[in-house]
Amino acid sequence: MEADLTTLAAGLAIGLGALGPGIGVGLLVSGAMHAIGRNPEATPQIQTNMILGIVFAEAIAIYALVVALILKFV
Amino acid sequence: MEVMQDVMDDVMGGGEEGCASGCITRTGCLGLIILVAVLGFMATKFPVALPEIALPAEPILTLPVVGFSITNTLLATWLTMLILIVGSVFVTRNLKVVPTGLQNLVEWGLEVLLNLVESVDARRGRQFFPLVATIFIFLLVSNWMGILPGFASVGLVHEADHGGHPLQEVSILGFNIGLLQPGEVGEHETGWTVFSFLRSAATDLNTPLALALISVVMTQVVGVQAQGLRYFSKFVNLRGPMGPIDMIVGLLETVSELAKIVSFSFRLFGNVFAGEVLLAVMAFIVPYVVSVPFLGLEIFVGFMQAFVFAFLTLIFMHMATLGHGPESEE
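Residues numbered from 1 in each chain as written. Chains lettered and ligands numbered in written order. Predicted model: local features only at pLDDT ≥ 70, side-chain atom pairs only at ≥ 80, totals over all residues.

## A word on the domain arrangement of chain B
Here's step 1: According to the domain assignment, chain B contains domain 1 (59-150 + 200-323) and domain 2 (155-196).
Here's step 2: A straight line from the C-alpha centre of domain 1 of chain B to that of domain 2 of chain B covers 36 Å. (Domains from an automatic or database assignment.)

Okay, structure coming up:
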């Protein structure tokens, strides 16, 4: 096994770190789909707020990615 | 079968008759195949090397006495500022009461922003607008400029600290240009890497950190402006009705403000830096072809991150002007 523990840590950091936000984004979009289904006329507002929420949930995954990048390249 | 034949004729019609909108003509199909073949050929003749991915920005110039190094992200920030200032001067020449042309476009953009800001806080929207809109416009121009060709790819050749790539020297019109070749250097050789002249401003943690500090400090300033020194009772509340619980809540609020700095800066830094790394790696894996959808992703991400930074600043400023609970909201 040539690769040392740092590489393994980088892989685990982003791998496990993307689990939560993945589920979070899925829940967000699911809620948005339900809302659009109930009220198709409000689709633009629902979409805007959904994108906003997705960006926040995504930020957590980005933190994990930054940790992985720091581990690998610094 | 007849119906299907008619539909297929419409979709796959020849170039002469034209076809339904959105279909691919024969000539169009041929053009696409030729394009992909040419790109594939170019990918073998001019392969792309994976650049050395470094978190800190690379210094281009080091001032001798002060020891301050001008990094490529600083150059990109200056370029963004130049574009914005020159653009503003251009747009505000010959201002007309009824706007036309470029002035009209810019006024439309600013009006959309102003409406958004005032939809969050109608009373004080105009007071928050300059900072929020500046953050948005600066980050938008900076992020979108970082996708242009030449960023993070053209620069000075340096010896790599570890790893690196072999170098091929080419002489064009008397200038010596080095092209990084993909592949590893040998065991005991140091390879080469590129210190690019320009690198998107937000890929250096300093820029997002600076903007985050400005944002959070201005939020406190706006809070004091709106509420006077009672604003600090959010953090240290000695006369609270709950006693020690209020002290703990105050501590949590302080930690939350510090966490905002971290979260602002890392959200922006992570998104833009990861985007840059993604573009570099994708261009290395399948040169020229696969870059296109990822450039589209970067355009979207650049816009969204600029928007989220500005919008969050606005929301925190609005929340800072509120007092305790709904009785202060008018």
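Here the narrative resumes.
## Description of helix α6 (residues 206-227) of chain B
All names here are of chain B.
Here's step 1: Counted at 1.5 Å a residue, the expected span for α6 with its 22 residues is 32 Å, and the 31 Å between its end C-alpha atoms agrees.
Here's step 2: Looking at α6, one finds that the buried residues are T207, P208, L211, A212, S215, T219, V222 and G223. Down the axis, α6 shows its buried residues gathered within 140 degrees of arc, on one side only.
Here's step 3: After α6 finishes, the residue G228 shows a positive phi value of roughly 70 degrees. (Helix = DSSP H or I, 4+ residues; strand = E, 2+ residues; numbered from the N terminus. Expected span 1.5 Å × (residues − 1). Buried ≥ 20, exposed ≤ 12 C-beta atoms within 10 Å, placed from the backbone. Arc of directions from axis to C-beta.)

## Quick notes on the interface of chain A and chain B
Here's step 1: Each side of the interface is counted separately: chain A has ten residues, and chain B has 13 residues.
Here's step 2: In the side of chain A that touches chain B, the residues fall into ten nonpolar, no polar and no charged. (Contact = placed C-beta atoms within 7 Å. Nonpolar A, V, L, I, M, F, W, Y, C, P; charged D, E, K, R; others polar.)

## With respect to helix α3 (residues 43-73) of chain A
Here's step 1: Taking 1.5 Å of rise per residue, 31 residues should cover 45 Å, and α3(A) covers 43 Å from first to last C-alpha, within 8% of that figure.
Here's step 2: Taken as a whole, α3(A) has its buried residues at V55(A), E58(A), A61(A), I62(A), A64(A), L65(A), V66(A) and A68(A).
Here's step 3: Its buried side turned inward, α3(A) meets α1 (5-17) and α2 (19-38) of chain A together with α7 (244-285) and α8 (291-321) of chain B.

## A closer look at the pairing of strand β6 (residues 192-196) of chain B
Residues and elements named next belong to chain B.
Here's step 1: Counting buried residues in β6 gives four out of five residues, a clear majority hidden from the surface.
Here's step 2: Pairing of strand β3 (residues 155-159) with β6 involves five bridges; the strand directions are antiparallel. Each residue of the ladder has a partner; that of V157, found in β6, is V194. (Pairing = 2+ DSSP bridges.)

## As for the confidence of the model for chain B
All names here are of chain B.
Here's step 1: In this model, chain B carries an average pLDDT of 84, and 90% of its residues clear a pLDDT of 70 or more.
Here's step 2: Here residues 326-330 scores under 50 on pLDDT; set against residues more than four positions off or in separate chains, the count is three contacts.
Here's step 3: Interface scoring of the predicted complex returns ipTM 0.78; its pTM is 0.84. (pLDDT = per-residue confidence, 0-100.)

## Re the nonpolar core
Here's step 1: The biggest cluster of nonpolar side chains holds 39 residues, and the ones touching the most others in it are V132(B), I135(B), L139(B), F269(B), F309(B) and A310(B).
Here's step 2: Counting only elements with at least two residues in this core, the list comes to α3 of chain A together with α5 (125-145), α6, α7 and α8 of chain B.
Here's step 3: It is α8(B) that provides the largest number of residues to this core, a total of eight residues.
Here's step 4: Residues within four places of A310(B) in sequence aside, it is in contact with V132(B), I135(B) and F136(B). (Core = buried A, V, L, I, M, F, W, Y, C linked by C-beta atoms within 7 Å.)

## A short note on unusual backbone geometry
Residues and elements named next belong to chain B.
Here's step 1: At N94, a position not held by glycine, the phi torsion is positive, near 50 degrees.
Here's step 2: You can see N94 is positioned in the loop between α3 (72-91) and α4 (101-120).
Here's step 3: Given 8 C-beta atoms within 10 Å, N94 falls into the exposed group.
Here's step 4: Even without glycine at this site, A152 takes up a positive phi of about 65 degrees.
Here's step 5: The buried category is assigned to A152, around which 24 C-beta atoms lie within 10 Å.

## Quick notes on the packing of α6(B) against α7(B)
Residue and element names in this part refer to chain B.
Here's step 1: In contact at an axis separation of 8 Å, α6 and α7 are set at 145 degrees when each is read in the N-to-C sense. For α6 against α7, the interelement crossing comes out right-handed. Facing α6, whose interface residues are P208, L209, A212, L213, S215 and V216, α7 presents E257, K260, I261, F264, S265, L268 and F269. (Axes fitted to C-alpha atoms, helices over the stretch in contact; angles between N-to-C directions. Left-handed = near helix turned anticlockwise from the far one by under 90°.)

## Observations regarding the packing of α2(A) against α3(A)
All names here are of chain A.
Here's step 1: For the pair α2 and α3, interaxial distance at closest approach is 9 Å and the crossing angle is 175 degrees. The angle between the axes of α2 and α3 places the two elements in the roughly antiparallel class. Counting all contacts with α2, which are made through G20, P21, G24, V25, L28, V29, A32, A35 and I36, the residues of α3 involved are T43, I46, M50, G53, I54, A57, E58, I60 and A61.
Here's step 2: A per-class count over the contact of α2 with α3 returns 13 nonpolar, four polar and one charged. (Parallel < 35°, antiparallel > 145°, perpendicular 65-115°, else oblique.)

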